[in-house]
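# Examination of the molecular architecture
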Amino acid sequence: MAKIESIDEATARVEAALYSAGRPLRVEDIIKASGTESRTKTLDILQNIMKKTKSAFKALEVVILPDGSYVMQLKPEYSATVKKYASKPVLPNATLKTLSYIAYQQPISSKQLVEVRGSGVYAHLKELRQLDYISHQNVGRIKIYTTTEKFQKYFGIQGDVEDLKQRLFSKVRKTASARHTNPTPQIVTEVN
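Here is a short report on the structure shown in this document. Predicted, not measured: the structure shown is a model, and the values here were computed from it. (Residues numbered from 1 in each chain as written. Predicted model: local features only at pLDDT ≥ 70, side-chain atom pairs only at ≥ 80, totals over all residues. Heavy atoms only, no water.)

The full count for this structure, using the stated rule, is four salt bridges. Note that Arg26 and Glu28 form a salt bridge whose closest N and O atoms lie 4.0 Å from each other. Since its relative accessible area comes to 36%, Glu28 is described here as partly exposed. In this structure, the salt-bridge partner of Arg26 is Asp29, at a minimum N-O distance of 3.2 Å. Classification of Arg26 as partly exposed rests on a relative accessible area of 47%. Where salt bridges share partners, they join Arg26, Glu28, Asp29 and Arg39 into one cluster. (Salt bridge = Lys/Arg side-chain N within 4 Å of Asp/Glu carboxyl O. Buried < 20%, exposed > 50% of the residue type's maximum accessible area, 1.4 Å probe, protein only.)

Once that is clear, we can look at the side chain of Ser109. In this structure, Ser109 sits in strand 3 (residues 108-109). Setting aside anything within four residues of it in sequence, one finds Ser109 in contact with Ile142, Lys143 and Ile144. (Helix = DSSP H or I, 4+ residues; strand = E, 2+ residues; numbered from the N terminus. Contact = heavy atoms within 4.5 Å.)

Okay, the packing of helix 5 (residues 93-105) against helix 6 (residues 110-117) next. Between helix 5 and helix 6, whose axes approach to 11 Å, the crossing angle comes to 130 degrees. Considering the angle they form, helix 5 stands oblique to helix 6. Crossing angle aside, the handedness with which helix 5 passes helix 6 is right-handed. Along the contact surface, helix 5 presents Ala94, Lys97, Thr98, Tyr101 and Ile102, while helix 6 presents Leu113, Val116 and Arg117. (Axes fitted to C-alpha atoms, helices over the stretch in contact; angles between N-to-C directions. Parallel < 35°, antiparallel > 145°, perpendicular 65-115°, else oblique. Left-handed = near helix turned anticlockwise from the far one by under 90°.)

Keep in mind these values describe shape, not function.
So this is what it looks like as structure tokens:
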């Protein structure tokens with residue numbers, strides 16, 4: 001590929017890469033996408049895109065994740081608003097349930113997860129590790145799972161583990177009380 005000299009063209013390429021990736025990109029990947037072959041130029045371009053995005057858009061942002069990768073994403077506070085318009089969920093429902101169980105029960109062993117979620121949990125764990133939403137430590141032959149900073153950043157959850165657990169519990173409690181106070185209407189038929 002020919003080296004790109006135009007900053008406007010390099011910027012357009014970086015914007016296109018961030019937009020279309022749908023996932024965080026490493027700086028090395030963004031350098032390739034920019035076509036500049038320069039880390040310094042690419043980082044300058046990224047900083048300019050971040051500034052422009054912040055001033056031009058209200059619901060979108062370009063952020064640096066703790067691992068140094070960059071992602072163009074919807075601001076967490078708008079997730080609920082666009083949920084019904086999204087083309088596909090981030091994770092299958094079963095995997096999302098496993099992730100939420102890990103988030104609430106962490107640290108949790110693989111044995112406990114299998115007992116609660118079944119043997120399909122192994123596929124969920126593999127996918128969640130690939131997305132870097134969870135990490136594990138080996139304790140003997142058992143793996144202990146916890147959520148990562150990337151998980152917190154992606155889902156817009158800030159704070160320590162105990163705070164996270166408390167907020168998850170209060171959401172579950174609100175959902176349960178809403179179902180209890182507003183039960184689904186039932187069709188009643190009378191037989192004479």
